[in-house]
Amino acid sequence: MITSTTGPQPADFADVRATNLAVVLRFVREHAPCSRADIAASTGLNKATVSSLVADLIDRRLVRETGLTENRVGRPATMLVLDGSPYAAIGVEINVDYVSAVATDLAGERLLTWRRAFSGGDSVNQGVASVGAIIRRVVNRMAKEERQVLGLAVAVPGLVDVQGTVRIAPNLGWRDADLGGDLAKALRDPGFPIQVDNDANLAALAEQRFGAHAGASDLIYLTGEIGVGAGIILDGRLRHGRLGFSGEIGHVQLDPDGPACHCGRRGCLEVMAGIGAVLGKDPSPAEIQVEIEDSVRLARAGDAGTLATLESVGRSLGKGVSILANLLNPEVVILGGYYVPLAPWLLPAVQDEMDDRVIASEAGGCQVVASTLGHDAAALGGVARVLDSIDSGRLPRVP
Ligand SMILES: [Zn+2]
């Protein structure tokens, strides 16, 4: 909440109003069903201001009155909940072997979950064409349901700068691609904002909003796809770094004499603890899913070779997670992607390495867990990014 004591200028007034609208919207998101009096009591805004802000949010169909009332001393209060029925937020993840799309309403209720095989395309242009076609179908579906798209955020496995340009996506073979601009063209200027970010960053946002550790203010998400990257939330905020390239834990060197990494160096975490290390070869995108299922089956059956591989991968992963724990002191490190089905065999070795390597006792309070969001995490994080923009005051126009 912002209040001004110095006589606001018109521009300030608009800012204050937008900020206060966002304060009320967030309060309703977190505390619904709630009354106008609840909002006033908790935010410190006066009742007349709250009534006016709520009227505005109802006009925008972001909030609605329920039939319910709360009995208070005096007269009953009408209860408010999030509405958002005319809206949709879209998140898309582009990965080496698949594209996923998720759409939710304003309250985060799923409207659609799609996953399509994807070969990365031979070029950025081909990739944009096929991803653009999928997104167009999602947008059309939302239009059929008479929903206005609030925004689209796209997750990419690679270095994405703060302007949303994909600098290097090695596993896709993309370089210096203005993906947001290209998608806007492919969608013929769709009239909603398009954001692009790294897959681990968006997956971390998904965990923070929707995951089993939602609300954690110090959380790290580790992707377990063909590449390994970290999305870092510290003190409640996603940390991008100077150019947006934070979290490349996958290319921290664990062993100078280790196997060659496709980045040209040796013994990187990604090559020691990535999915390729689990499978003992360069994974072929089309077969990863089946091969990981095979590993799980063998591990369950007690196959000695598989168990030894998973223990060794778990140890390397534990070294990487210990670096994160020593450096950033997270509350939780969440393993995503293909690490999820393998977690029962990886986690004991990870924990062992943490006990040895993290200087703070009990790993500084850091837990390591498997994601409950699975392969949808990065796409769902795209949705979280769009909803974050709305919650911070970039409200849609009155429908
Ligand atoms: Zn590397």
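Structure shown above.
Residues numbered from 1 in each chain as written. Predicted model: local features only at pLDDT ≥ 70, side-chain atom pairs only at ≥ 80, totals over all residues. Heavy atoms only, no water.

Undergrad: Explain the coordination of the zinc ion here, please?
TA: Angles at a metal have ideal values that depend on geometry: 109.5 degrees with four tetrahedral donors, 90 or 180 degrees with six octahedral donors. Bound to the zinc ion on the protein side are His251 (ND1), Cys261 (SG), Cys263 (SG) and Cys268 (SG), at distances that span 2.0 to 2.4 Å. Taken together, the four donor atoms coordinating the zinc ion span angles of 105 to 118 degrees at the metal, a pattern that classifies the geometry as tetrahedral. Spacing between the donor residues of the zinc ion along their common chain follows H-x9-C-x1-C-x4-C. Here the residue His251 occupies a position in the loop between strand E14 (237-238) and helix H7 (269-273), and Cys263 occupies one in the loop between E14 and H7, the gap between them amounting to 12 residues. Look at His251 and you get partly exposed, because its relative accessible area is 25%. (Donors = N, O, S within 2.8 Å, 3.2 Å for Na, K, Ca; no water. Tetrahedral: all angles 85-135°; square planar, octahedral: opposite > 155°, others 65-115°. Helix = DSSP H or I, 4+ residues; strand = E, 2+ residues; numbered from the N terminus. Buried < 20%, exposed > 50% of the residue type's maximum accessible area, 1.4 Å probe, protein only.)

Undergrad: What is the right way to look at the pairing of strand E7 (residues 148-156) in this model?
TA: Walk down a regular strand and you will see the side chains alternate between the two sheet faces. Of all the nine residues making up E7, nine are buried; the element is thus mostly covered by neighbouring parts of the structure. Relative to strand E11 (residues 194-198), E7 runs parallel, the two sharing five bridges. Bridge pairing links Val156 to Asn198 in E11. (Pairing = 2+ DSSP bridges.)

Undergrad: Please clarify how the pattern of salt bridges should be interpreted in this entry.
TA: In a structure, side chains of opposite charge can pair up when their charged atoms sit close to one another. Counting across every chain of the model gives 17 salt bridges. With a shortest N-O distance of 3.0 Å, Asp161 and Arg167 are connected by a salt bridge. Across the pair Arg315 and Glu311 runs a salt bridge, and its minimum N-O distance is 2.9 Å. A residue pair is termed a helical-turn pair when its members lie 3 or 4 positions apart in one helix, as Arg315 and Glu311 do in helix H10 (residues 304-328) at four residues. A relative accessible area of 26% means that Arg315 is categorised as partly exposed. One continuous salt-bridge network, built from bridges that share partners, spans Glu311, Arg315, Asp352, Glu353 and Arg357. (Salt bridge = Lys/Arg side-chain N within 4 Å of Asp/Glu carboxyl O.)

Undergrad: So what exactly am I meant to see when it comes to the packing of helix H6 (residues 199-210) against helix H12 (residues 377-391) here?
TA: If you want to describe how two helices pack, look at the angle between their axes and the distance between the axes. Where H6 contacts H12, the two axes come as close as 7 Å, and the packing angle between them is 70 degrees. Between H6 and H12, the angle is such that the two are roughly perpendicular. Relative to H12, the crossing made by H6 is left-handed. Contacts between H6 and H12 involve Asp199, Leu202, Ala203, Leu205, Ala206, Arg209 and Phe210 from the first element and Ala377, Ala378, Leu380, Gly381, Gly382, Val383, Ala384, Arg385, Leu387, Asp388 and Asp391 from the second. Taken together, the residues of the contact of H6 with H12 break down into 11 nonpolar, two polar and five charged. (Axes fitted to C-alpha atoms, helices over the stretch in contact; angles between N-to-C directions. Parallel < 35°, antiparallel > 145°, perpendicular 65-115°, else oblique. Left-handed = near helix turned anticlockwise from the far one by under 90°. Contact = heavy atoms within 4.5 Å. Nonpolar A, V, L, I, M, F, W, Y, C, P; charged D, E, K, R; others polar.)

Undergrad: Please explain the sheet that holds strand E10 (residues 174-177) as it appears in this structure.
TA: Strand pairing in a sheet relies on backbone hydrogen bonds. The paired strands run either parallel or antiparallel. Read across the sheet, three strands follow the order E8-E9-E10 without closing on themselves; strand pairing throughout is antiparallel. In this open sheet, the two strands that pair with only one neighbour each are strand E8 (159-160) and E10. Across three bridges, the pairing between strand E9 (residues 166-169) and E10 is antiparallel. For Ile168, the partnering residue across the bridge sits in E10 and is Arg175.

Undergrad: I keep staring at the sheet that holds strand E4 (residues 87-94) and nothing clicks. Help me out?
TA: Here we have five strands laid out as an open sheet, ordered E6-E5-E4-E7-E11, and mixed in their pairing. With partners counted over all chains shown, the strands left at the sheet margins are strand E6 (110-117) and E11, one partner each. Neighbouring strand axes in the sheet, compared pairwise and without regard to direction, differ in orientation by 15 degrees on average. As paired elements, E4 and strand E5 (residues 98-104) share six bridges and run antiparallel to each other. Its bridge partner being in E5, Ile94 is matched across the sheet by Val99.

Undergrad: How should I be thinking about the side chain of Ser371 in this particular structure?
TA: By the secondary structure assignment, Ser371 is in the loop between strand E16 (367-370) and H12. Using a relative accessible area of 5% as the deciding quantity, one classes Ser371 as buried. Looking at Ser371, its side chain comes within polar contact range of the main-chain nitrogen of Leu373, at 2.9 Å. Within polar-contact distance, the side chain of Ser371 engages the backbone nitrogen of Gly374 at 3.5 Å. (Polar contact = N/O pair within 3.5 Å; in protein donor to acceptor, adjacent residues only side chain to side chain.)

By themselves, these are just geometric observations and shouldn't be taken as functional.
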